Amino acid sequence: MEINILFFSVLRELAARDGLIMELAQGATLGDAVSELFRQFPNLAAWDGRLLLAVNSEYADRERVLESGDEVALMPPVQGG
Amino acid sequence: MESLISNARLNEISLQGEELERYARHLTLPEVGLEGQKRLRAAKVLCIGAGGLGSPIAMYLAAAGIGEIGLVDDDRVDLSNLQRQTIHGTSDINRLKTDSARDRLLDINPQIRVTTHAVRLSAVNARAIAAPYDLIIDGTDNFPTRYLSNDLAVLTGKPNVYGSIYRFEGQVSVFAPQHGGPCYRCLFPDPPDQGLIPSCAEGGVLGILPGIVGALQANEAVKLILGIGNPLIGRLLHFNALEMRFREIKLRRDPQCVLCGDSPTLRELKDISFSCEVPSSAPREIDVHALADRIKDSKPFVLLDVRKNDEYQFAHLPGATHIPLAELPKRLTELDPQAETIIHCKVGGRSAIALQILLKAGFENVCHVQGGINAWSREIDPSVPMY
């Protein structure tokens, strides 16, 4: 199944793209998607455990089972003011 | 949601003469009216930070007739602030931001009271500073004060109107666990490692962005005080100025949250200090004097400049290898993992991120320069232009 990954703020710069389409096995969880992202983009891995994760614009935890077409957003904290 | 200001407090307030004219456009709105304007007058709002976000927040609240505005900031006005901190003017350079901001607010509206706290908010002073206020607005520019503002708001039961900015993007929310929503720690339990995060100085920020984000915060504050509309509780609003797009993420209070969860363990304010967690015993940060010594030494090494192209063209150190940070992950093959590599940027934020990237990619003999090329200009070679 295909899911749509969206990067925000510094993650977009680190990944050098706004997002990507990821192919995952049926039954994959949000945690699986994040692990796969960190494998593809090792420079994002330092953010592990520090990101707000959302599926279809709603907060989700890593156990959340994804469905085809889901939109996964990765939002880092931002400090500027 | 009910107004933050109880009806009993309205009895002491009367608006007369010139004030009725000043607030005429509010008074004709049924959602505000005379009663709402009295609520605004009765309200006491603490604005933490008198910079980019604090500028529009405090100016709009003053114009709206908020009775008392507290300003917390220990910084002074700098020329590089004026591109976005519109509460301050050129003639205010080197003044305390709280003094400069107070003068501007009282010029906008002499009928309000402004209290200045020209200190850095800390675990020691925070409760005393916040005690008189109904509402906290987080217009800070650093993680330690953001976490402290959040903890202060939760522990004292006051709503926290949050905003933060990065380059062309902003986040806004209202954290109020007492009204069912999450707090900042429900989203981000702990701050990221310092090396991961560029500051405003490092990352740059579009000057208009804090104007937009701060105005949204002022809007939420006024709604909470009036008890009108739908507050941004349980929702994180994300704004992208380049795409001109607002997105919203639905949030939830985390029952496990150390601060506002069902069994909280964080019951007292604590100052957060940043620590760089780099998995190595070798020093990973050197100053410009150590870099100068290393350059004098004849042994070859790679000096890696990770700034953007235009910055590199403006000024660079002789012999530097230039790979912008954004391109570094895909251009790692241009570097030798065995070579001694010293990374620098403008002031040290991006080079710290690059350091993490190289360490994760297996580079061992690598460190970054504290203070970047600006420290080099200041302390070693003034002929390298600063920017």
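Residues numbered from 1 in each chain as written. Chains lettered and ligands numbered in written order. Predicted model: local features only at pLDDT ≥ 70, side-chain atom pairs only at ≥ 80, totals over all residues. Heavy atoms only, no water.

**Topic: the pattern of salt bridges**
One pass over the full model with this rule turns up 28 salt bridges over all chains. The partner of R12(A) in a salt bridge is E169(B), with the nearest N and O atoms 2.8 Å apart. Of this pair, R12(A) sits in helix α1 (residues 10–15) while E169(B) sits in strand β6 (residues 169–175), on two different chains. Both residues of the pair, R12(A) and E169(B), belong to the buried class. Between E248(B) and R235(B) there is a salt bridge, with its nearest N and O atoms 3.2 Å apart. (Salt bridge = Lys/Arg side-chain N within 4 Å of Asp/Glu carboxyl O. Helix = DSSP H or I, 4+ residues; strand = E, 2+ residues; numbered from the N terminus. Buried < 20%, exposed > 50% of the residue type's maximum accessible area, 1.4 Å probe, protein only.)

**Some details on the interface of chain A and chain B**
Facing the 28 residues of chain A at the interface are 44 residues of chain B. Here chain A meets chain B over a buried area of about 3,100 Å², counting both sides, of which 60% is carbon and sulfur. Inspection of the chain A/chain B interface yields three salt bridges. Viewed at the interface, chain B and chain A are joined by 17 residue pairs in polar contact (both at pLDDT 80 or more). Counting only elements with at least two residues in the side of chain A that touches chain B, the list comes to α1, β3 (52–55), β4 (58–59) and β5 (71–75) of chain A. In terms of residues, the side of chain A that touches chain B owes the most to one element, α1(A), which gives four residues. (Contact = heavy atoms within 4.5 Å. Buried area = accessible area lost by both parts, 1.4 Å probe. Polar contact = N/O pair within 3.5 Å; in protein donor to acceptor, adjacent residues only side chain to side chain.)

**As for the packing of helix α11 (residues 288–296) of chain B against helix α14 (residues 372–379) of chain B**
Residues and elements named next belong to chain B. Packing of α11 against α14 leaves a shortest axis separation of 9 Å and a crossing angle of 80°. Classed by the angle they form, the pair α11 and α14 counts as roughly perpendicular. Between α11 and α14, the contacting residues are V288, H289, L291, A292 and I295 on the first element and G372, A375, W376 and E379 on the second. Taken together, the residues of the contact of α11 with α14 sort by class into six nonpolar, two polar and one charged. (Axes fitted to C-alpha atoms, helices over the stretch in contact; angles between N-to-C directions. Parallel < 35°, antiparallel > 145°, perpendicular 65-115°, else oblique. Nonpolar A, V, L, I, M, F, W, Y, C, P; charged D, E, K, R; others polar.)

**Describing the nonpolar core**
Judged by nonpolar contacts, the single largest core of 47 residues is most densely connected at I5(A), F7(A), L66(A), L328(B) and L358(B). The set of elements that each furnish at least two residues to this core consists of β1 (2–7), α1, β2 (19–23), α2 (30–40), β3 and β5 of chain A together with α13 (349–360) of chain B. Sorting elements by how many residues they give to this core places α13(B) first, with six residues. Apart from residues lying up to four places away in sequence, L328(B) is in contact with L304(B), V306(B), I323(B), L335(B), A354(B), I357(B) and L358(B). (Core = buried A, V, L, I, M, F, W, Y, C linked by side-chain atoms within 4.5 Å.)

**Overview of the domain arrangement of chain B**
Accessible area lost when the parts come together is the quantity often used to give the size of an interface. Taken as a whole, chain B is organised into domain 1 (7–250) and domain 2 (282–379). Between the C-alpha centres of domain 1 of chain B and domain 2 of chain B the distance comes to 38 Å. (Domains from an automatic or database assignment.)

**Notes on α13(B)**
Residues and elements named next belong to chain B. Relative to the 16 Å expected for twelve residues at 1.5 Å per residue, α13 spans 17 Å between its end C-alpha atoms, a close match to the ideal helical length. A large share of α13 lies buried, amounting to eleven of its twelve residues. Taken from the residues just after α13, G362 is the one with a positive phi, measuring 95°. (Expected span 1.5 Å × (residues − 1).)

**A look at unusual backbone geometry**
The backbone of S57(A) shows a phi angle near 65°, a positive value even though the residue is not glycine. Tracing the chain through its elements places S57(A) in the loop between β3 and β4. The backbone phi angle of M244(B) is positive, close to 50°, even though this residue is not glycine. Of note, M244(B) is situated in the loop between β7 (235–240) and β8 (245–250). M244(B) gets classed as exposed once you look at its relative accessible area, which sits at 54%.

**Here we look at the sheet that holds strand β10 (residues 302–305) of chain B**
All names here are of chain B. Read across the open sheet, the five strands follow the order β9-β13-β12-β10-β11; overall the sheet is parallel. Two strands in the sheet have a free side with no partner beyond their single neighbour: β9 (285–286) and β11 (321–322). Both β9 and strand β13 (residues 366–369) contribute to a ladder of two bridges, which runs parallel. Paired with E285 across the bridge in β13 is H368. In this fold α13 packs onto β10, β12 (341–344) and β13, with an angle of close to 175° to the strand it touches most, β13. (Pairing = 2+ DSSP bridges.)

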